[in-house]
Amino acid sequence: MIFTSSVLRPTLARSVRLNRLLSTLTIIEHTGGVLAPSNLNTLSAAKQLGGPITALVAGSQASKVASEVAKFDGVEKVLVANNEAYDRGLAENFSDLVAENITKGGFSHVLVSGSAFGKNVLPRVSATLDVQPINDITKIESEDTFVRPIYAGNVLATVKSTDPIKLITIRSSAFEVGSTGAGAAAIEDAADPKSAPTSEWISENLTKSERPDLGSATKVVSGGRGLKDKENFDKLIFPLADSIGAAVGASRAAVDSGFADNSLQVGQTGKVVAPDLYIAVGISGAIQHLAGMKDSKTIVAINKDSEAPIFQVADFGLVDDLFDAVPKLTEQFKK
């Protein structure tokens, strides 16, 4: 399937010449000075495009983060906007900064992780520059042609863009982790429009856990509706996950039934993960769930229904009563 973006209307994008050299701006995501792991996947995708790579870092901790980003292998320049207005990554404030630096720097490509942050910021930037964003790509065919999943991952669309600026969010799990390296990229001040903030951060309530983050964990144990209730979910899934140092996930059916918090949902409408090991317990394997985990390196399924769709994508399957199998498995892992 080939889709070509519509003809541009006269806008800021016209100021960027179609025949200029390829150059990429990567938007760095961090929280309180702590870099998101997905930045290294974004960098890996940027390196596949070729051409010089510039990183954009913003917030009151930007200088600290910039020093770390400058060491990333492949980054030639780091643009820094030391401004607390960008601390929480509020898209209404952040988008003007990104658009300003794209225009000033003449970048041909802009990449960011397909996280909540990236999916919030980039559409606003695309509206400002009047170009079509390309979301959730899993493969780079060339500098203007990309592959992205549609229909819950059942169809891969090859998208060719004729826009002079390619605004792209990547599916982090589809790209290798780039190297932090020992580089020494130049650090410069970003073009900061310093416009009055249009949004204000009020507060947040976060669920804290010592377990690995679901989005970046190398091992994940997920529970489904087959666990029957929240008590069983807590009693079986968490000990199993802790025994191997894994993150905990859940199917949408489990979340909708109140077994687990929605932050643990894996699937088309939840988080997309691709760990080295994914253990699915009591999950039938609906299309929507498979879209969020089928790229895992090794998939293990535990289900008493031998006809469950999850076994079609599993590398190893155990047809057994999970209430009997999981406690035994947990004990073996603990040993």
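Residues numbered from 1 in each chain as written. Predicted model: local features only at pLDDT ≥ 70, side-chain atom pairs only at ≥ 80, totals over all residues. Heavy atoms only, no water.

Once that is clear, we can look at the overall build of the protein. Check the secondary structure of the protein and you find eight helices and 18 strands. For 335 residues, the compact-globule estimate of 2.2 N^0.38 gives 20 Å, and the protein sits close to it at 22 Å. Principal axes of the C-alpha set define a box for the protein whose edges measure 65 × 45 × 40 Å. For the protein, buried positions account for 50% of its 335 residues. In the protein, of all internal contacts separated by at least 6 residues, the share reaching a separation of at least 24 is 67%. As displayed, the protein offers around 16,400 Å² of accessible surface, 49% of which is attributable to carbon and sulfur atoms. The averaged location of the 38 negative side-chain charges in the protein is 2 Å from the averaged location of its 33 positive side-chain charges. (Helix = DSSP H or I, 4+ residues; strand = E, 2+ residues; numbered from the N terminus. Rg over C-alpha atoms; globule rule 2.2 N^0.38 Å. Buried < 20%, exposed > 50% of the residue type's maximum accessible area, 1.4 Å probe, protein only. Contact = heavy atoms within 4.5 Å. Areas by Shrake-Rupley, 256 points an atom, 1.4 Å probe, with all protein chains shown as cover. Lys, Arg positive; Asp, Glu negative; His and termini not counted. Charge placed at Lys NZ, Arg CZ, Asp CG, Glu CD.)

We now examine the side chain of Ser-44. Looking at where Ser-44 falls in the secondary structure, it is placed in helix H1 (residues 38-49). Within polar-contact distance, the side chain of Ser-44 engages the backbone oxygen of Glu-176 at 3.2 Å. Excluding residues that lie within four positions of it along the chain, Ser-44 makes contacts with Glu-176 and Gly-178. (Polar contact = N/O pair within 3.5 Å; in protein donor to acceptor, adjacent residues only side chain to side chain.)

Turning next to the side chain of Thr-169. Checked against the element boundaries, Thr-169 lands in strand S12 (residues 166-170). Among the polar contacts listed, one links the side chain of Thr-169 to the backbone nitrogen of Asp-136, at a separation of 2.8 Å.

Next up on the list: the sheet that holds strand S16 (residues 277-281). Pairing in this open sheet of five strands is parallel, and the strands run S15-S14-S16-S17-S18 from one edge to the other. Where the open sheet ends on each side, the last strands, each with one partner, are strand S15 (247-250) and strand S18 (316-318). Averaged over neighbouring strand pairs, the angle between their axes works out to 20° when direction is ignored. Packed on one face of the sheet, helix H5 (residues 230-243) meets strand S14 (219-223), S15 and S16 and runs near 140° to S15. Against the sheet, helix H8 (residues 322-334) contacts S16, strand S17 (298-302) and S18, and its axis sits at roughly 130° relative to S17. (Pairing = 2+ DSSP bridges. Axes fitted to C-alpha atoms, helices over the stretch in contact; angles between N-to-C directions.)

Our focus in this paragraph is the pattern of salt bridges. Scanning the entire structure with this criterion turns up nine salt bridges. For Arg-211, the salt bridge identified is with Asp-242, shortest N-O distance 2.7 Å. Taken together, the positions of Arg-211 in the loop between strand S13 (186-189) and S14 and Asp-242 in helix H5 put the pair 31 residues apart, joining distant regions of the chain. For Arg-211, a relative accessible area of 29% translates into the label partly exposed. (Salt bridge = Lys/Arg side-chain N within 4 Å of Asp/Glu carboxyl O.)

This part takes up the pairing of strand S7 (residues 109-113). By the criterion of burial, S7 is predominantly enclosed, with five of the five residues buried. Side chains His-109, Leu-111 and Ser-113 of S7 all project onto a buried face; the interleaved residues Val-110 and Val-112 project onto the opposite face, where all are buried too. Examined bridge by bridge, strand S2 (residues 24-27) and S7 share three bridges and lie parallel to one another. Along S7, the bridge assignment pairs Thr-26 with Leu-111.

Here we take up the packing of aromatic side chains. In this structure the tally under the stated criterion is three aromatic pairs. When the centroid spacing of 5.7 Å and the interplanar angle of 70° are considered together, the rings of Tyr-86 and Phe-94 count as edge-to-face. For the residue pair Tyr-86 and Phe-94, the accessibility class agrees, reading buried in each case. Their ring planes at 75° and their centres at 5.9 Å tell us that Phe-233 and Phe-238 sit as a pair that is edge-to-face. Three or more aromatic residues joined by ring pairs form one cluster here, namely Tyr-86, Phe-94 and Phe-117. (Phe/Tyr/Trp six-rings, centres within 6.5 Å; stacked < 30°, edge-to-face > 60°.)

What follows is about the nonpolar core. Ranked by size, the top nonpolar core spans 29 residues in total, and within it Val-69, Val-75, Val-78 and Ile-137 carry the most contacts. Looking at this core, the elements with two or more residues in it are H1, strand S5 (53-58), helix H2 (62-69), strand S6 (75-81), strand S8 (134-137) and S12. Considering every element that reaches this core, the biggest residue donor is H1, with five residues. Ignoring sequence-local partners within four residues, the contact set of Val-75 consists of Leu-43, Ile-53, Ala-55, Val-69 and Ala-185. In terms of nonpolar packing, the next biggest core, distinct from the first, is built from 25 residues, Leu-79, Phe-94, Ile-102 and Leu-122 among them. (Core = buried A, V, L, I, M, F, W, Y, C linked by side-chain atoms within 4.5 Å.)

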